[in-house]
Every structure is written in C-alpha cells, then in structure tokens.
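Close look at the chain arrangement
Listed below, chain by chain, are the residues.
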Amino acid sequence: MATPQMKNTEEERQEYARILDRMRHLCSVREYCTADIRRKIMKMLSERTERDGKAEDTEEIIGGMLGSLQSDGYLSDTRYAKAFARDKSSLSGWGAVKIKYALGAKGIDGGIIRSALEEIDKDRASDRLERLVAAKYRSLAPNLSGGKDGGQDSDKDGGNDSGNEIRMKIIRYAMGRGYGYDETVSVLQKVLSAGKQD
C-alpha cells in the first residue's frame, strides 16, 4: 500500500494518513471520480490549514494521495464512468448526450467517456426513449386542435397546439433528457404512425 511522500512532522503524517484512510473508505463504498476525491481531499486539507494556520504544498500532497488511491485500486475514472453511464441510463432514463456532458463536467477524459457510453444497453435505451416519447405524446395530444376532446384542453400557454408544435415539444423534451435529435425524430415518427393506426 503506497503512501504519499511528505517531509512533515509525525503529526502531519498522521493527519495525511487519516485523510487517505477516509478517502479509501469512501472509494470502497461507492465509485468516485478523481475530481470528486480531489475536492474532498482539498476540503479536508483546507480545514486543517484553517485550524493549524499552516499552508503547505497542497497540490503535491493531493497528487500523492490520488496516486496512492489509483495504484491501490480504490480510484478509477474508467470504472466510475462505466458505472455512472449504466446507472444514469437504466435508473434515471438519461440519454447518451446528457451522460456524455455530465461526465465531461466531472473532468473525465473523452476516450473514457466513449468507452463508458459503449456500456449502455442500446436496445433498452431505445425502448425507454420510445416509452418516453409515447407518454409525452399522450399527455400533449389532447391539446391538438380537434383532438380526442375537440381541442377543449389547453396547454400551459392557454391555447391549442398544432401538430408541429406538439412534435417540437416532444423533441425538445427528449433532447432535454439527453437523447439525440435524429434518434428522437425516428422514434417520434414511429409513435405517430402507431397512433394513427389506433
């Protein structure tokens, strides 16, 4: 088990070991990305600096702790990105675009993101998108002029929507959930053609 190189007092070394042990515990409970752990270490070091009034080379210390966590297998951005993509896709219903941007915001490398997106079950994601689009269409269809209820229900703006307005609302909704434009339009056409057959 590697520990960061530090040239400080015994008390400081014990403090760093305590922080490192805390990070090991956190990483053993669930996956974290490097940026999240960096932030946690920085917070703990800044609390110590405020308490003791000692400022030291924090970047060197943080780098040593991160290196130790990675070499010991506690911290892996690849593992984190794959777990994040799987969870957000299957549990939260996010599309690949939203997952990609969320991982990018966490500072994950583009190659790792692409690899993580390959872990998503494409068939399940497509089925989820179809259900999402169909449910949104059903909720907005009464707003169509001359819809099932003769257009009596109004939308938030107080008016009836045309078919094109409904399509655009559905597309914006699906894209907000992280699905791509082309896949959304394709699924929407499928839903609309199935709706005409009903």
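Not measured: the values here are computed from a predicted model.

Structural notes on the overall build of the protein
When helices and strands are counted, the protein shows nine helices and zero strands. Listing each helix as α and each strand as β along the protein from the N terminus yields α-α-α-α-α-α-α-α-α. Put simply, the protein has 198 residues, and 35% of those count as buried.

Quick notes on the side chain of Thr184
With respect to the secondary-structure elements, Thr184 resides in helix H9 (residues 181-197). A polar contact is formed between the side chain of Thr184 and the backbone oxygen of Gly180, at a distance of 2.7 Å. Beyond its immediate sequence surroundings of up to four residues, Thr184 is in contact with Leu129, Ile170, Ile171, Ala174 and Tyr179.

Overview of the nonpolar core
In terms of nonpolar packing, the biggest core is built from 17 residues, with Met23, Ile37, Ile41, Leu45, Met65 and Leu75 touching the most fellow members. Counting only elements with at least two residues in this core, the list comes to helix H1 (10-29), helix H2 (34-52) and helix H3 (58-71). Tallying contributions element by element places H1 first for this core, with six residues. Non-local contacts of Ile41, meaning those with residues more than four positions away in its chain, are made with Ile19, Met23, Ile62, Met65 and Leu66.

A short note on the packing of helix H5 (residues 96-105) against helix H6 (residues 110-117)
Running from amino to carboxyl end, H5 crosses H6 at an angle of 145 degrees, the nearest separation of the two axes being 10 Å. Remark: the crossing between H5 and H6 carries right-handed chirality. Where H5 abuts H6, its residues Ala96, Ile99, Lys100, Leu103 and Gly104 lie against Ile113, Ala116 and Leu117.

Observations regarding the confidence of the model for the protein
Averaged over every residue, the pLDDT of the protein is 85; residues scoring 70 or more account for 80%. Every residue in residues 1-6 is under pLDDT 50, and counting partners more than four places away or in other chains gives 17 contacts. Below pLDDT 50 for its whole length, residues 147-156 participates in 15 contacts with residues either more than four positions away or in separate chains.

Description of the pattern of salt bridges
A pair can form between side chains of opposite charge whenever their charged atoms are brought close. Inspection of every chain in the model, using the stated rule, returns eleven salt bridges. Arg24 is paired through a salt bridge with Asp21; the nearest N and O atoms lie 3.2 Å apart. On the criterion of helical spacing, the pair formed by Arg24 and Asp21 is a turn pair, its members being three residues apart in helix H1. In this structure Asp21 comes out as partly exposed when scored by relative accessible area, which is 44%. Taking the shortest distance from any N to any O, the salt bridge between Lys190 and Glu130 comes out at 3.1 Å. Taken together, the positions of Lys190 in helix H9 and Glu130 in helix H7 (residues 122-140) put the pair 60 residues apart, joining distant regions of the chain. For Lys190, a relative accessible area of 47% translates into the label partly exposed. For Glu130, a relative accessible area of 25% corresponds to the partly exposed category.

Section: the packing of aromatic side chains
Evaluated as defined, the whole model comprises two aromatic pairs. Ring plane angle 75 degrees and centroid distance 6.1 Å describe the contact between Phe84 and Trp94, whose orientation is recorded as edge-to-face. With a gap of ten residues between them, Phe84 in helix H4 (residues 77-90) and Trp94 in the loop between H4 and H5 connect regions that are remote in the sequence. A cation over a ring is seen here: Lys88 above Trp94, with NZ or CZ 4.7 Å from the ring centre. Geometry around Tyr173 places Lys136 over its ring, the cationic atom sitting 4.5 Å from the centre.

Some thoughts on the environment of Ile61
Structurally, the position occupied by Ile61 is in helix H3. Between the C-alpha atoms of Ile61 and Met42, which are 19 residues apart in sequence, the distance is 9.5 Å.

Calculation rules
- The residue count restarts for each chain, going from 1 along the sequence in the order it is written.
- Per-residue local features are limited, in this predicted model, to residues with pLDDT of at least 70; the limit for side-chain atom pairs, both in listing and counting, is 80 or more; totals at the level of whole chains, interfaces and linings are taken over all residues.
- Excluded from the side-chain calculation are hydrogens and water; included are all heavy atoms of the structure.
- Elements are defined by DSSP. Helices are runs of H or I of four residues or more, strands are runs of E of two residues or more, and each kind is numbered from the N terminus.
- Any residue under 20% of the maximum accessible area for its type is buried, any over 50% is exposed, and the rest in between are partly exposed; the area is computed with a 1.4 Å probe on protein chains only.
- N or O atoms within 3.5 Å of each other form a polar contact, as long as, within protein, one can give a hydrogen and the other can take it, and as long as residues adjacent in sequence are counted only when both atoms are side-chain atoms.
- Working rule for contacts: check all heavy atoms of both residues, and any pair within 4.5 Å makes them a contact.
- The criterion is simple. A nonpolar core is a set of buried Ala, Val, Leu, Ile, Met, Phe, Trp, Tyr and Cys residues joined through side-chain atoms within 4.5 Å.
- Angular values range over 0 to 180 degrees, each being the angle between N-to-C directions of two axes fitted as lines to C-alpha atoms, with helices fitted over their stretch in contact.
- Crossing handedness follows the turn of the near helix against the far one: under a right angle anticlockwise gives a left-handed crossing, and clockwise gives a right-handed one.
- For every residue, the pLDDT score states the predictor's confidence, bounded by 0 at the bottom and 100 at the top.
- What counts as a salt bridge is simple: a side-chain nitrogen of Lys or Arg found within 4 Å of a carboxyl oxygen of Asp or Glu.
- Side-chain rings of Phe, Tyr and Trp, where Trp is taken by its six-membered ring, are said to pair if the distance between their centres is within 6.5 Å; with planes under 30 degrees apart they count as stacked, over 60 as edge-to-face, and otherwise as tilted.
- Geometrically, a charge over a ring is one whose NZ (Lys) or CZ (Arg) sits within 6 Å of the ring centre while staying within 35 degrees of the ring normal.

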